[in-house]
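Residue-level listing of the chains:
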Amino acid sequence: ELGWISKVYVNQPAVVRHAEQIQKWRTVKGNWQAAWLLKAVTCIDLTTLSGDDTPSNVHRMCFKAKHPIREDLLKAMDMHDKGITVAAVCVYPARVADAVNSLKAAGCNIPVASVAAGFPSGQTPLETKLAEIKLAVQYGAREIDIVISRSLVLSGQWESLYEEIRQCREACGEAHMKTILATGELGSLANVYKASMIAMMAGSDFIKTSTGKEVENATLPVGVVMMRAIKEFYWQTGNKVGFKPAGGIRTAKEAITWLMLVKDELGVEWLKPELFRLGASSLLEDIEKQIFHHVTGSYALQHDLAMA
């Protein structure tokens, strides 16, 4: 519906001002903080997207995905029997089979997500993107994180962008599709809003801020704009689309800020893995350190916590 797209206007100073106010929100403490952090854990897409990924480090990450917080710490909080795991593990297509096999061997049903469609640049032909998606699904990925062609946004080719995402959605089949907008390369907040709308119109289950490889990744102003687009789309269609900030989220405090922003903008019903994910590779380590401090009253030494 190009009528929506042509009328988009984003009040950038107001968005930036709102983001600055968010950063001043008072953080939660004590048991409340621990509860928010455990909620954050259940929404993490635990990720490794490195050129030197091997079956062994993917296997190690999958074990950490099933046991994200040390068992004795969970027992101390009476949370050891609540089935706390991360939401998904995210890898390159070539490592999907390794992740699927590792999770199966660990006896858990955590879904495997795979980046595809020319990740991270999107500068590959559409036929190649579709083939990569189909291969990732064939290997066992239950979630696909595609990346859009930024050039289509920057040149205003909205119908072409819609058609590309629609074909990617079709190639995903039964797998859930998260559409990465690479917001740091879209030029303006208005383009972020428009790309969000197009992605949702084309059938995306989630819209995601970044690949984690751009100079600028997930920022609060971008988050506000994307969540307002999700809210508008929900009002107009009745369809709930998920939101995933990714890239640069490394501390427990940042994770709680994103959770609070989602609660403030979209409501409590979005605070579940079906509608909210945090894309992160190093965030879990800091969250576990904070929970260790909450339980023991002291700070973890280097050898106290297993790293993913």
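Every residue gets a number counted from 1 within its own chain, in the order that chain's sequence is written. Where totals are concerned, whole chains, interfaces and linings use all residues; where local detail is concerned, this predicted model gives features only for residues with pLDDT of at least 70, and gives and counts side-chain atom pairs only at 80 or more. Side-chain metrics rest on all non-hydrogen atoms present in the structure, leaving aside hydrogens and water.

Colleague: Hey, could you go over the overall build of the chain for me, with residue numbers and the actual values?
Modeller: Note on conventions: DSSP H or I runs of at least 4 residues are helices, E runs of at least 2 residues are strands, and numbering of each starts at the N terminus. Helices and strands together make up the secondary structure of the chain, namely 13 helices and eight strands. In this treatment the radius of gyration is a C-alpha quantity, and the globule benchmark scales as 2.2 Å times the residue count to the 0.38 power. Over its C-alpha atoms the chain spans a radius of gyration of 19 Å, differing by no more than 12% from the 19 Å that the globule rule assigns to 308 residues. If you line up the chain on its principal axes, its C-alpha atoms span 55 × 45 × 35 Å. Whether a residue is buried, partly exposed or exposed follows from its accessible area with a 1.4 Å probe, protein chains only, as a fraction of its type maximum: under 20%, in between, or over 50%, in that order. For the chain, buried positions account for 52% of its 308 residues. For the accessible areas, the method is Shrake-Rupley and the probe is 1.4 Å, while residue cover comes only from the protein chains on display. Within the structure as shown, the chain displays about 14,000 Å² of accessible surface, and the carbon and sulfur contribution to it stands at 51%. The positive count covers Lys and Arg only, the negative count covers Asp and Glu only, and His and the chain ends enter neither. Lys charges are placed at NZ, Arg charges at CZ, Asp charges at CG and Glu charges at CD. Averaging the positions of the 34 positive and the 33 negative side-chain charges in the chain gives two centres separated by 4 Å.

Colleague: Now, about the pattern of salt bridges: what can you tell me, with residues and values included?
Modeller: Salt bridge criterion: a side-chain nitrogen from Lys or Arg within 4 Å of a carboxyl oxygen from Asp or Glu. Scanning the entire structure with this criterion turns up 20 salt bridges. Here D72 makes a salt bridge to R70, at a shortest N to O gap of 2.8 Å. Judged by relative accessible area, which is 42%, D72 ranks as partly exposed. A salt bridge links R169 to D205; the shortest N-O distance between them is 2.5 Å. With R169 in helix α9 (residues 158-172) and D205 in the loop between α10 (189-201) and β6 (206-208), this pair connects stretches of sequence that are 36 residues apart.

Colleague: I'd like to hear about the packing of aromatic side chains, residue by residue, with values.
Modeller: A pair of Phe, Tyr and Trp rings is counted when the ring centres sit within 6.5 Å of each other, with Trp represented by its six-membered ring. The angle between the planes then sorts it: under 30 degrees is stacked, over 60 is edge-to-face, the rest tilted. The full count for this structure, using the stated rule, is four aromatic pairs. Here the aromatic rings of Y92 and F119 are separated by 5.9 Å at their centres, their planes lie at 75°, and the arrangement is edge-to-face. Of this pair, Y92 sits in the loop between β2 (88-91) and α6 (96-105) while F119 is found in the loop between β3 (112-116) and α7 (126-139), placing the two residues 27 residues apart along the sequence. According to the relative accessible area criterion, Y92 is partly exposed, its value standing at 25%. Using a relative accessible area of 11% as the deciding quantity, one classes F119 as buried. Plain terms: the ring middles of F243 and W258 are 6.0 Å apart, the flat faces sit at 40° to each other, and that makes the pair tilted. Of this pair, F243 sits in strand β7 (residues 242-244) while W258 sits in helix α12 (residues 252-265), and the two are 15 residues apart along the sequence. Of the two residues examined, F243 and W258, each falls in the buried class.

Colleague: Give a description of the UniProt feature "active site" (unreviewed entry) in the chain that names residues and reports values.
Modeller: As recorded in UniProt, the feature "active site" (unreviewed entry) lies at K208 and K244. Maximum C-alpha separation among the annotated residues is 4.5 Å over a sequence range of 37 residues, consistent with a single clustered spot. As for its position among the elements, K208 is in strand β6. Relative accessible area serves as the criterion here: at 4%, K208 is assigned to the buried category. With sequence-adjacent residues up to four places away left out, K208 is seen in contact with D145, T179, I180, L181, M226, K244 and A246. UniProt positions are given in the numbering used here, feature names are shortened, and annotations may be inferred rather than shown by experiment. Throughout, a residue-residue contact means that at least one pair of heavy atoms, one from each residue, lies within 4.5 Å.

Colleague: Can you explain the sheet that holds strand β4 (residues 143-147)? Please cite residues and give values.
Modeller: Only when DSSP finds a minimum of two bridges between them are two strands counted as paired. Within the open sheet, the eight strands sit side by side as β7-β6-β5-β4-β3-β2-β1-β8. Their pairing is parallel. Of all the strands in the sheet, the pair left with one neighbour each is β7 and β8 (278-280). The mean angle between the axes of side-by-side strands here comes to 25°, regardless of whether they run parallel or antiparallel. In this structure, strand β1 (residues 44-47) lies alongside β2, joined through three bridges in parallel fashion. Its bridge partner lying in β2, D45 is registered against A88. The axes used here are C-alpha line fits, helices contributing only the stretch in contact, and every angle between their N-to-C directions lies in the interval 0 to 180 degrees.

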